[in-house]
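Single-letter residue listing:
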Amino acid sequence: LNKVEEKELTPLQEALSQLIRRLQRKDPSAFFSFPMTDLIAPGYSTIIKRPMDFGAMKEKVKNEYYESPEELKVDFRIMCENAMIYNKPETIYHKAARKLLLSGMKILRPERLESLRQSIE
Ligand SMILES: COc1ccc(OC)c(-c2cc(C(C)=O)n3cccnc23)c1
């Protein structure tokens with residue numbers, strides 16, 4: 001039986017995974033959990049140049065792509081802004097994105113990221 005390689009998470013990966021879990025709790029409808037497709041959102045891939053979703057963020061944490069929590073914050077902001085660009089202001093998706101962005105910016109506020117960075121230095 002080949003033993004599945006149990007890879008330890010680095011302190012940064014632990015911290016980023018925890019941040020994503022906290023952010024995802026602000027998306028109870030899971031509108032931001034999976035990548036958008038042109039099937040559910042016609043023309044999405046032509047309008048949105050940098051697609052982003054929580055699944056992609058988790059993949060980037062797993063592949064040690066992020067070197068700081070600030071890089072995660074950039075992707076989070078892009079994800080919310082994409083939804084506010086593609087979806088008209090009166091849609092549930094635009095409103096959900098604006099609300100998610102506001103609550104996410106509190107979770108990812110600079111002082112918290114600063115102290116997080118210090119704690120894993
Ligand atoms: C109605 O249930 C779902 C389920 C998953 C979704 O995206 C992963 C979405 C969804 C998420 C979005 C976003 C985030 O723009 N969206 C835009 C247009 C039509 N659907 C969506 C909706």
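Everything here concerns the structure above.
Parameters and conventions
- Note on numbering: residues in each chain are counted from 1, in written sequence order.
- Selection of residues for local features in this predicted model requires a pLDDT of at least 70, selection of side-chain atom pairs for listing and counting requires 80 or more, and totals for whole chains, interfaces and linings are taken over all residues.
- The side-chain figures draw on all heavy atoms in the structure; neither hydrogens nor water molecules are used.
- Here a helix means four or more residues in a row that DSSP labels H or I, a strand means two or more in a row labelled E, and each is numbered from the N terminus.
- For every residue, the accessible area (1.4 Å probe, protein chains only) is compared with the maximum for its type, and the residue is labelled buried under 20%, exposed over 50%, or partly exposed between those bounds.
- Here, residues are in contact when the closest pair of their heavy atoms is within 4.5 Å.
- Exposure was quantified through the Shrake-Rupley algorithm and a 1.4 Å probe, taking into account, for residues, occlusion by the shown protein chains and nothing else.
- Convention adopted: a line fitted to C-alpha atoms gives each axis, helices being fitted over their contacting stretch, and angles between N-to-C directions are expressed from 0 to 180 degrees.
- For any pair of crossing helices, the crossing counts as left-handed if the nearer helix is rotated counterclockwise from the farther one by less than a right angle, and right-handed if it is rotated clockwise.
- The residue classification treats Ala, Val, Leu, Ile, Met, Phe, Trp, Tyr, Cys and Pro as nonpolar and Asp, Glu, Lys and Arg as charged. All others, Gly included, are polar.
- A pair of aromatic rings is counted whenever rings of Phe, Tyr or Trp (Trp by its six-membered ring) have centres within 6.5 Å, and the orientation is called stacked for planes under 30 degrees apart, edge-to-face for over 60 and tilted otherwise.
- Here the arc refers to the directions that run from the helix axis out to each C-beta atom.
- Here a polar contact is recorded for every N or O atom pair within 3.5 Å, except that within protein the pair must consist of a potential hydrogen donor and a potential acceptor, and residues adjacent in sequence are included only if both atoms are side-chain atoms.

Of the regular secondary structure elements, the protein holds six helices and zero strands. When its helices and strands are written in sequence order, the protein yields α-α-α-α-α-α. Its C-alpha atoms put the protein at 45 × 45 × 25 Å along the principal axes. When each of the 121 residues of the protein is scored for burial, the buried share is 38%. Long-range pairs, those at least 24 residues apart, make up 68% of the contacts in the protein with a sequence separation of at least 6. Carbon and sulfur atoms make up 58% of the accessible area of the protein, which totals about 8,200 Å².

Here Ser68 lies in the loop between α3 (54-62) and α4 (69-86). Judged by relative accessible area, Ser68 falls into the buried class, the value being 13%. In this structure Ser68 touches Leu12, Leu16 and Arg117, once residues within four positions along its chain are discounted.

The next thing to look at is the packing of helix α1 (residues 11-24) against helix α5 (residues 92-107). In contact at an axis separation of 10 Å, α1 and α5 are set at 145° when each is read in the N-to-C sense. Between α1 and α5 the crossing geometry is right-handed. Facing Leu19, Arg22 and Leu23 of α1, the residues of α5 in contact are Leu100, Gly104 and Ile107. Taken together, the residues of the contact of α1 with α5 sort by class into four nonpolar, one polar and one charged.

With the rule as written, the count across this model stands at four aromatic pairs. A ring pair is formed by Tyr65 and Tyr66, whose centres lie 5.9 Å apart and whose planes are at 90°; its orientation type is edge-to-face. For Tyr65, a relative accessible area of 52% gives the class exposed.

Helical geometry note: an α-helix holds 3.6 residues per turn, so side chains three or four residues apart project in the same direction. Listed as buried for α3 are Phe54, Met57, Lys60 and Val61. The buried residues of α3 occupy an angular sector of 120° when projected down its axis, which confines them to one face. Buried residues in α3 make contact with α1, α4 and α5. One side-chain oxygen of the residue at the start of α3 lies 2.8 Å from the amide nitrogen of Gly55, identifying that residue as Asp53. Following α3 by one or two positions, Glu64 has its phi on the positive side, about 55°.

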